[in-house]
Amino acid sequence: MINVGQIGVGYWGPNLLRNLVSNHEAFIKTIVDLAKDRREYVKGLYPKILVTDDVRDIENDPEIEAVVIATPVKTHFELAMRMLNAGKHVLVEKPMATSMSEIEAIANLSQLKSRVVMVGHTFLYNPAVRYLKNLIQRGDLGDIRYIYSQRLNLGRIRSDVDALWNFAPHDVSIIQYLLNEPEPLSVTAKGMDYVQTGIADVVFLTITYPGKVIANIHVSWLDPQKVRKMIIVGSSKMAVYDDANENKIALYDKGIDRMAVLGEHMDYDSPTSLKYNHRSGDVLLPHFKNEEPLKVEIEHFFDCIKNGTPCLTGIQHAAKVTKILSRCSAL
């Protein structure tokens, strides 16, 4: 078994801890949190786990081999570097860091220490997203034309990051994964701060990729509805991924096809001889095995540590996401 420590059991931390405890590859030795109420919460659920308020209890423990970091974004870089320096494998919640210089420093230290570093882009372990990936790879959607996503909610408002860095890493990560990690041609963003000065509450992010592919991402914590939706428009079919719906994927056999007709000069290729067929076929709601993405993510982390399996959301993927988000300012 792999001895594990976790730093942070706030908003997302309890979900990570629950999956760590239920994983047979892991022994959870130490939990650290600065807040007394969070420490008491863990003690009440898991009385056999050591719970402290000092990161050094994990950092200086030679028996702890892997560390999960679920703390505020501004602490990710420092804690990841400290744990790597202590010779530990690291799984850090998204984003791994907020600048390319920090990502490069983590990458260099990870290589020097021969340790796995992974970022918690959980949606890449979602069966629905993997189903979408297979659709695109098989060519079922045809040529990808554009992608747009909405990640909206009323709250939870944060002061340590804006809506772009809080929500958009998910969507950028998914889009990069679906498109095989391309290098964008351009990245632009427009946002506005309404509640807290200098912290964008709503952001519209546009990414242009080679091959005339564009992606638009709308994120907000000032929206009346909870929306977790992504639409992929291809030349043959279109797919809707709605994470808030029981049917996560809907595949639409819809599109507009150009049809050549015989022109007055016996030609089929003249632009003036084209007509358009509005195709509206069946809607498929595919069935696939549903697993908790976080459970799959934790299993993958331990697989990378024990077997050297290439990390799906390792430093290279984290660097791509961070580079895209760093290329624009929401305000």
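Heads up: the structure comes first, above all this text.
None of these values were measured; they are calculated from a predicted model.

### Some thoughts on the overall build of the protein
The helix and strand inventory of the protein stands at 9 helices and 14 strands. The principal-axis extents of the C-alpha atoms in the protein amount to approximately 85 × 45 × 40 Å. The buried share among the 331 residues of the protein stands at 51%. The contacts of the protein with a sequence gap of at least 6 include a subset with a gap of at least 24, amounting to 68%. Carbon and sulfur atoms make up 51% of the accessible area of the protein, which amounts to about 16,300 Å² in all. Placing the 38 positive and 39 negative side-chain charges of the protein at their respective mean positions leaves the two points 1 Å apart.

### Here we look at the pairing of strand β11 (residues 222-234)
Every other side chain in a regular strand lies on the same face of the sheet, so the side chains alternate between the two faces. The pairing of strand β7 (residues 144-154) with β11 spans 9 bridges and is classified as antiparallel. Bridged to Q150 within β11 is K229. Pairing between β11 and strand β12 (residues 238-242): 5 bridges, direction antiparallel. Pairing of V233 across the sheet is with M238, part of β12.

### Structural notes on the packing of helix α1 (residues 13-22) against helix α8 (residues 293-307)
Remark: α1 packs on α8, axes separated minimally by 9 Å, with the N-to-C direction vectors making an angle of 60 degrees. For the element pair α1 / α8, the angle class is oblique. For α1 against α8, the interelement crossing comes out right-handed. Between α1 and α8, the residues in contact are N15, L16, N19 and L20 and L294, K295, E297, I298 and F302, respectively. Of the residues in the contact of α1 with α8, the class split is 5 nonpolar, 2 polar and 2 charged.

### A closer look at the sheet that holds strand β4 (residues 66-69)
As a general point, the strands of a sheet are linked pairwise by backbone hydrogen bonds and lie either parallel or antiparallel. Here 6 strands make up an open sheet; going across it, the order is β3-β2-β1-β4-β5-β6 and the pairing parallel. In the strand order of this sheet, the two ends are held by β3 (50-52) and β6 (117-120), each with one partner. Shown here is a sheet whose adjacent strand axes are inclined to one another by a mean of 20 degrees, direction ignored. Sheet topology note: the strand β1 (residues 2-7)/β4 ladder contains 4 bridges and is parallel. In the sheet register, G5 faces β4, and the bridge partner there is V67.

### Describing the environment of L185
Along the chain, L185 turns up in the loop between α7 (163-178) and β8 (186-192). Assessed through its relative accessible area of 57%, L185 is described here as exposed. It is 7.6 Å that separates the C-alpha atoms of L185 and I207, two residues lying 22 residues apart in sequence. Once you skip the residues sitting within four places of it in the chain, L185 turns out to touch T208, Y209, P210 and R327.

### A few points about the environment of K212
Inspection of the secondary structure assignment puts K212 in the loop between β9 (202-209) and β10 (213-220). Sequence spacing of K212 and I144 is 68 residues, and the spatial spacing of their C-alpha atoms is 8.8 Å.

### Quick word on the pattern of salt bridges
Counted according to the given criterion, the structure contains 15 salt bridges. Notably, a salt bridge pairs K323 with E183, separated by 3.0 Å at the nearest N-O pair. Of the two residues, K323 is situated in helix α9 (residues 315-326) and E183 in the loop between α7 and β8; the sequence distance between them amounts to 140 residues. The exposure class assigned to K323 is partly exposed, which follows from its relative accessible area of 36%. Classification of E183 by relative accessible area gives partly exposed; the value is 35%. Ionic contacts of the salt-bridge type, sharing partners, join the residues K29, D61 and E63 into one network.

### Focus on α1
Taken together, the buried positions of α1 are occupied by G13, P14, L16, L17, N19 and L20. In the core, the buried residues of α1 are packed alongside β1, β2 (26-32), α2 (36-45), β4, β5 (89-93) and α8.

### Brief notes about a nonpolar patch on the surface
Residues L154, I157, M192, Y194, V195 and L222 make up a contiguous nonpolar surface patch of about 580 Å² in total accessible area. Here L222 lies in strand β11. Using a relative accessible area of 35% as the deciding quantity, one classes L222 as partly exposed.

Conventions and cut-offs
Residues numbered from 1 in each chain as written. Predicted model: local features only at pLDDT ≥ 70, side-chain atom pairs only at ≥ 80, totals over all residues. Heavy atoms only, no water. Helix = DSSP H or I, 4+ residues; strand = E, 2+ residues; numbered from the N terminus. Buried < 20%, exposed > 50% of the residue type's maximum accessible area, 1.4 Å probe, protein only. Contact = heavy atoms within 4.5 Å. Areas by Shrake-Rupley, 256 points an atom, 1.4 Å probe, with all protein chains shown as cover. Lys, Arg positive; Asp, Glu negative; His and termini not counted. Charge placed at Lys NZ, Arg CZ, Asp CG, Glu CD. Pairing = 2+ DSSP bridges. Axes fitted to C-alpha atoms, helices over the stretch in contact; angles between N-to-C directions. Parallel < 35°, antiparallel > 145°, perpendicular 65-115°, else oblique. Left-handed = near helix turned anticlockwise from the far one by under 90°. Nonpolar A, V, L, I, M, F, W, Y, C, P; charged D, E, K, R; others polar. Salt bridge = Lys/Arg side-chain N within 4 Å of Asp/Glu carboxyl O. Patch = residues over 30% accessible without salt bridge, like charges linked within 9 Å, V, L, I, M, F, W, Y side chains within 5 Å.

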